[in-house]
Amino acid sequence: MMGADVVVARLRGWGPGQQDQRLDELHDLVARKLAGQQYMADFDEECRTPRGPSGWTRDRVQHAVATAIARDAVFAARVRQLL
């Protein structure tokens, strides 16, 4: 399975008006999984800036996604489908 770094790299290109249904689905899947954590909100906010998300923000989201992939086979399978 591709790693969380691939997920985070794909999500960096997400944004309103991108017209990419698979990317929208991946974003929504990850956002639901990380609900209740500030990580995804910070990541989305920083993605809208010209410089993009900071290393710290990317690392936090990447770690949270990697943990979710390792602990939740259904989530991991859905991520695999969307990549």
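On a predicted model such as this, the values are computed, not experimentally measured, just so you know.

Peer 1: Where do I start with helix H2 (residues 21-33) in this structure?
Peer 2: Structural remark: α-helix, 3.6 residues per turn; residues separated by three or four positions point the same way. Its 13 residues place the ends of H2 18 Å apart at the C-alpha level, agreeing with the 18 Å of an ideal helix rising 1.5 Å per residue. Residues Leu-23, Leu-26, His-27, Leu-29 and Val-30 constitute the buried set of H2. On an axial view of H2, the arc spanned by its buried residues comes to 165 degrees, and they lie on one face. Exposed side chains of H2 directed beyond 90 degrees from the buried face belong to Gln-21 and Arg-32. Check the buried side of H2 and you find it contacts helix H1 (4-11), helix H3 (39-47), helix H4 (55-71) and helix H5 (73-82). The backbone nitrogen of Arg-22 has a side-chain oxygen 3.3 Å away, supplied by the residue at the start of H2, namely Asp-20.

Peer 1: Just to check I follow, could you spell out the confidence of the model for the protein for this structure?
Peer 2: One rule of thumb: low pLDDT means the predicted coordinates there are not for detailed reading. Overall, the predicted model of the protein reaches an average pLDDT of 87, with 93% of residues at or above 70. Predicted confidence in the protein is weakest over H1, with a mean pLDDT of 82, and strongest over H5, with 93.

Definitions and cut-offs
Residues numbered from 1 in each chain as written. Predicted model: local features only at pLDDT ≥ 70, side-chain atom pairs only at ≥ 80, totals over all residues. Heavy atoms only, no water. Helix = DSSP H or I, 4+ residues; strand = E, 2+ residues; numbered from the N terminus. Expected span 1.5 Å × (residues − 1). Buried < 20%, exposed > 50% of the residue type's maximum accessible area, 1.4 Å probe, protein only. Arc of directions from axis to C-beta. Contact = heavy atoms within 4.5 Å. Polar contact = N/O pair within 3.5 Å; in protein donor to acceptor, adjacent residues only side chain to side chain. pLDDT = per-residue confidence, 0-100.

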